[in-house]
Every structure is written in structure tokens, then in C-alpha cells.
Amino acid sequence: MVGGALVAGVGGTIGVLRFSGFPAWRFPDWAPAALRGTATALAGLAFVGALMLVTGLALAAPRVADAYAQLAPDVLSGVGVTVLALAYLPNALLAGVSWALGPGVAVGTAGSSPFVTHAPDQPSSFPLLTAFPVAAPPVWALAVFVLPVAVGLLAGFALRRVAGVHHFAAAVATALLTTLVVTTLAALAGGRLAAGPFDPVRLPVELVVPSVLLWVGVPVVLVALFRPAVAPPEPEPEPEPEPPVTSVPAPRDAGDEPAPEPAPERAAPLRIARRLPAVTERVARHWPWPRRPAAAPPVLPQQRGPQTVAELVAQREREAAEHPAADDPTP
């Protein structure tokens, strides 16, 4: 029922966001630095868990060989057991992280931590479980707490390089995010393991939370808190203004006349209008469009002579009026 509700809720949320658009979220300025610090802390804790697992397998090498001889006598069975062990490798890494932080790990009735160990009633035939300690931890096992502290310091220095002025808020966010992720993974790593003396596998979540905050979160916050103050850059001195330069005319004799100013250069006249008809005629001659026939000159009406005697007399009178000197017989 919970799984179906989660699937339906995720699908409905995606549909609403696709229909109405994603809201305009704005992350705070310290969020990128906090994410970088959290990634550094988680990578460091993963390395610590891998180191604990490899050390336990190396110390229990004879028991690992006996487990393979008992559980997988032939090659194919050995390959199958190895693949199964690789599938449980993330759980084993988280168990190593929990052991290095102090809460330890419990497998059935057995339990182990840097402080105390309860050996199992019978040895396990699974190779990963053979790395479980069976003897009391030595005194120097408490030095393992240096590893998570070093992880916290490394995350603090990585955060301080990019946090800017929000280094303290980024450090607190890094500590809380790292604790949340490690606690969630520790809760998911435990569970039932068949039905026998090795059931269940449990990582004490109630102890993992304060352990992560103490060994990882406190160093991160301290590194950010004791960040050296950066002196503001000194302002550059402003250059002194130069005195204005006044031009003093050179003395000249009384007979000297000032040199005439050069006349401004005039641009050459454009000859486009002059050459435009020739260019247009050349383009019209070579262009393949149909040419229009030249327009015929207008036909002027022909002048006709006088047809009657009255018209002839009127014409003579007009000519005499226009040329009076020619008709005057006086010299």
C-alpha cells in the first residue's frame, strides 16, 4: 500500500508540475558550498568504510578461505558466492562506517564496536561475515576515531574555499545533510538475513546520528568558524589631476603676417548623373527582356491656306499689322 501510494504521488506531482510549470525556486547563496562539503564528507566516509572492511577481511583471511572451501568447493560455486558478496558490498561498507564512528554493527546476537565485542555463537560460512571481529578490540582501536575527524576537517576546508561570506551557514548545512544521508543509509542497510543466528543485521541508527554530528559535523563547523579574516583590499590612490596646459603663442615680428588657413578639401563631384543614361542604354541593349517600340512623334496638324476671298483679305490685314514697316513706302 505504501509503495502504491508513493508511485501515485510521484506521478501526480510530475503531472501537476508539467501542467502548471515549475515554481520559481531560488536556492540560497550558501547551497552550492553546502552540497560540495556534503559530497566531500560522504566520499571520505565511504573511503573510511572501505578501509575498515578491507582491514577486517585481511585480518580474517584464514576464516575467509575456510568459508570459501565450505560454501563453494568448485569454481562455479566460488564465482556465485563472490557475486553475492559483491551485491552485499554496499551494506558491508556502511557497516564499516558505523564501526569507525563508534556505534558498531550487530549481527544476530553478536555485536562489535571499537569499545566492545560480543562474538557470535558459531562462525559464519559467508565470506563477508567472516570479517566480523571475534576477539575483544585492542586499546589502539580507539585511534580509528581520527579517521572521521579527518573527514570532517577535509570537508570543512573544501567548503571554506567556495563558501564566500556564508561559510558558517554552509558548514551547518553540510553537517546536517551529511548526518541525514548517513542515517538514512544506515537504516536501509539493516534488516532480516534468513532465519538463524545471524538474523537480523542492524546498525544502531539512534547512535549513528550523534556520532556523525560529533566526529564529522563539529570539525566542519570549527573549520568554518575559525576562518581567518580576509582584509579588504586597499583602495588604489586616485591619480592627482594634472594642471591644464595653456598654449602660449610664439612671438612674431610686426611684418609677419599670419599664414592663411588651408582651404577645406572639397569632395570630387559625382559623375553618376552624367553617366546614367549611357549605363541605362547599355543595360537595355544587353538585357533579354522584350523591348518596347519607340513612340512615334506626334502628328502636328498641317496648316491650310485661305479658302475664300474673305479669309485671304483677313490674312493680308494680319500680315500688314504684324509688319507695318514693310508696307510703309516712305524712305
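Refer to the structure above for everything that follows.
Let me begin by describing the structure that accompanies this report. On a predicted model such as this, the values are computed, not experimentally measured, just so you know.

### Considering the overall build of the chain
Summing up its helical and strand segments, the chain has 11 helices and four strands in all. Just so you have it, the chain exposes about 24,700 Å², and 68% of that area is on carbon and sulfur atoms.

### Section: helix 4 (residues 75-87)
Compared with an ideal rise of 1.5 Å per residue, which puts 13 residues at 18 Å, helix 4 spans 19 Å between its outermost C-alpha atoms and is within 8% of the ideal. Listed in full, the buried residues belonging to helix 4 are Gly-78, Val-81 and Ala-85. Along helix 4, the residues classed as buried sweep out an arc of 65 degrees about the axis, all on the same side. Facing away from the buried side of helix 4, by more than 90 degrees, are the exposed residues Leu-76, Val-83, Leu-86 and Ala-87. Among the structural elements, helix 3 (61-71) and helix 5 (89-101) are those in contact with the buried residues of helix 4.

### Points about the sheet that holds strand 4 (residues 201-202)
One open sheet accounts for four strands, arranged 3-2-1-4; its pairing is antiparallel. Two strands close off the open sheet at either side, each with one partner strand: strand 3 (117-118) and strand 4.

So, how was this worked out
Residue indices follow the written sequence of each chain, beginning from 1 at its first position. Owing to the predicted nature of the model, reporting of local features is limited to residues with pLDDT of at least 70; listing and counting of side-chain atom pairs is limited to 80 or more, with chain, interface and lining totals taken over all residues. Water and hydrogen atoms play no part in the side-chain values, which are based on all heavy atoms of the structure. Only DSSP runs of H or I covering at least 4 residues are called helices, and only runs of E covering at least 2 are called strands; the numbering of each starts at the N terminus. All accessible areas in this document rest on Shrake-Rupley with a 1.4 Å probe, and a residue is counted as covered only by the protein chains that are shown. Each helix should span, by expectation, one fewer than its residue count multiplied by 1.5 Å. Burial classes: relative accessible area under 20% of the type maximum marks a residue as buried, over 50% as exposed, and values in between as partly exposed (1.4 Å probe, protein chains only). For this quantity, the arc is that covered by the directions from the helix axis to the C-beta atoms. Whether two residues are in contact is decided by their heavy atoms, any of which lying within 4.5 Å being enough. Following DSSP output, two strands are said to pair if at least two bridges run between them.

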